[in-house]
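Chain residues, written in single-letter form:
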Amino acid sequence: MSTKVFITLGIESSCDETGIGLYSSEKGLIAHQLFSQVELHAEYGGVVPELASRDHIQRTLPLIKAVLSEAELQLSDINGIAYTAGPGLAGALLVGSSIAKSLAWSLDIPSLAVHHMEGHLLAPLLEETQPEFPFVALLVSGGHTMLVDVKGIGKYKILGESLDDAVGEAFDKTAKILGLSYPGGPALAALAEQGDETRFKFPRPMTDRPGLDFSFSGLKTFARNTFAKYPNEKANIAKAFEVATTQTLMIKCRRALEQTHYSTLIVAGGVSANQSLRKELNKLGKKLAVNVFYPRQEFCTDNGAMIALAGHLRLIKGHKFITNKITIKPRWSLEELEAV
Amino acid sequence: MHILAIDTCTEVCSVSLYSNQGKTSRFIKGVEKSSGLILPLCDEVFSEVGITPKDLDGIAYTKGPGAFTGVRMCIGVVQGISLAHDIPTMGFSTLEVVGFGAAKKFNTDKIAVALDARMGEVYWGLYQDQKLTNESLRKPDDVNTLGQDFIGVGTGWGAHEQVLSERSGISNYKANFYPKSENLIDLYLIHVNENGNFDDKLPLPTYLRNNVAHKSLK
Ligand SMILES: Nc1ncnc2c1ncn2[C@@H]1O[C@H](COP(=O)(O)OP(=O)(O)O)[C@@H](O)[C@H]1O
């Protein structure tokens, strides 16, 4: 590989956060900033796609400037631009894509479409101690729940995924049922800390049969019914829900590790911030002699750093978009990616 | 002087590059337009003129109203190109660009622009004496009463032909009349001539339609 420093600008705009990151082949992650739209969508009880797009178009450019000045770099120092092209909200993706492609075009440098979930999947590589390939990845976010066999960058096989709600979505919906404020996932986790684990037992969906797929929508219904009967036991219901989801995830991780014989597990995506999930998986790791890796808390949810990294690892190998067309892929499978 | 003009706000997409060779332009419409071809079109005009984005002195663009994603693509592209080399930008209402083009073409200073805004509404504006007024989102039966001396232009006149002509009193109209980036160049040059240099810093969209979300009844 050449010794010349290569610096990648990463742009994330797939949902309700605008994220910008700068990754250098010499220094690793050099700067990153995030603008979260959580407050904007809170009064609607969920992400409103048109409002998300309207916000991205105002935030992206100022955020790019802020990150550059934080890193004390000029645009002329940038060697490539990576942007999230999917999966995600079409209008939101289009903002990042338009800005990224035109900026790269104007600077005459390569640009690259990054798969949002590959960003999550590679986020643990932003840390000092890094997992080695191959590994099993558990990706748990607001839009996705999947187990992936990762043999290398771009060598992904989906072992199992959610047939209905993503686990983050199930957290959010259950939180809403309990009357917690948006976004409910972290609030529900906080409430669960005060709950009694022995009070209610929720099912562990799809664990009584083989396979690595998930289903979480039933748990939400279970929570609703329990709440109707015991309206004063919010914390206990939150606890039962959290225990059921984390144990279900743990059981499937164990299966995936046994099936692949891998000795490394990485966990990423918004729900990987959940402490009781981490505890459960760390316990499993000890039992199976498997090393478990997580991104730092701030890189569990959407961010620009992971997009800069994922794009960087491909750009330095010469991957790039050969067309100047502004393209997005709102639906895009991890398995379609090219190996590096 | 080198000026780039970009419009992707409605069902058409066009770019124009102004240089000492005059205006070098591209225009596409329909399906082609929605496929994000704006940068390949830019490539064509730049290589034809033989300059690069670095050589630009300014960018003129339509800032809306129009189709939301088309408007944002236009703004995003202008943001990206201008950021790269710190190029000053100047945005114009889609209605002004259409009005200006029509005034020139029909040699009149009384133009009523109506762009189809879907959902039974139009983006409405009057272009008179080289100025856009009354820029708004309206029901077709709620437009200004004008008269025979006006000419109507824009897709709204196709979608709401009858109501618009009844209400406005205009019988002379042309529905397939679109924004053109060549006219953006003219508007830019006129503006610079009159007011000196200008830069809107951060290009941002004009939507006119803002009731796009419903609050949940928690
Ligand atoms: N501590 C937590 N416990 C449970 N869920 C959480 C926690 N922190 C965040 N989440 C959930 O993570 C999701 C957001 O993750 P993110 O990776 O940004 O998802 P996406 O990109 O799919 O929106 C939300 O559903 C949120 O509720």
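Reading the values: the criteria
Residues numbered from 1 in each chain as written. Chains lettered and ligands numbered in written order. Predicted model: local features only at pLDDT ≥ 70, side-chain atom pairs only at ≥ 80, totals over all residues. Helix = DSSP H or I, 4+ residues; strand = E, 2+ residues; numbered from the N terminus. Buried ≥ 20, exposed ≤ 12 C-beta atoms within 10 Å, placed from the backbone. Contact = placed C-beta atoms within 7 Å. Pairing = 2+ DSSP bridges. Domains from an automatic or database assignment. Nonpolar A, V, L, I, M, F, W, Y, C, P; charged D, E, K, R; others polar.

Chemist: Sorry if this is basic, but what is going on with the environment of A:Leu94 here?
Modeler: Tracing the backbone shows A:Leu94 in helix α3 (residues 90–107). For A:Leu94, a count of 27 C-beta atoms within 10 Å gives the class buried. Residue contacts for A:Leu94: discarding those within four places in its chain leaves A:Ile328, B:Thr69, B:Arg72 and B:Met73.

Chemist: Can you walk me through the pairing of strand β3 (residues 28–36) of chain A in this structure?
Modeler: Successive residues of a regular strand alternate their side chains across the two faces of the sheet. All names here are of chain A. Both strand β2 (residues 17–24) and β3 contribute to a ladder of 8 bridges, which runs antiparallel. Residue pairing for β3: Thr 18 is matched across the bridge by Phe 35. Counting the residues in the hairpin turn of β2 and β3 gives 3 residues.

Chemist: Before we go on, may I ask you to explain the sheet that holds strand β6 (residues 110–116) of chain B in this structure?
Modeler: Strand pairing within a sheet occurs via backbone hydrogen bonds; the two strands may be parallel or antiparallel. Residue and element names in this part refer to chain B. Strand order in the open sheet formed by 5 strands is β8-β7-β6-β9-β10, and the pairing between neighbours is mixed. Two strands close off the open sheet at either side, each with one partner strand: β8 (131–138) and β10 (173–174). Across 7 bridges, β6 lies against strand β7 (residues 122–128) in antiparallel orientation. Directly across from Val 113, in β7, lies its bridge partner Gly 125.

Chemist: How should I be thinking about the domain arrangement of chain A in this particular structure?
Modeler: When the parts come together, some accessible area is lost, and that loss is often what is quoted as the size of the interface. Residue and element names in this part refer to chain A. Domains assigned within chain A are domain 1 (7–122 + 300–336) and domain 2 (132–294). In this structure, domain 1 and domain 2 have C-alpha centres spaced 27 Å apart. Across the contact, 11 residues belong to domain 1 and 18 residues belong to domain 2. The element contributing the most residues to the side of domain 1 that touches domain 2 is helix α4 (residues 116–122), with 3 residues. Looking at side-chain class alone, the side of domain 1 that touches domain 2 contains 7 nonpolar, 3 polar and 1 charged residues.

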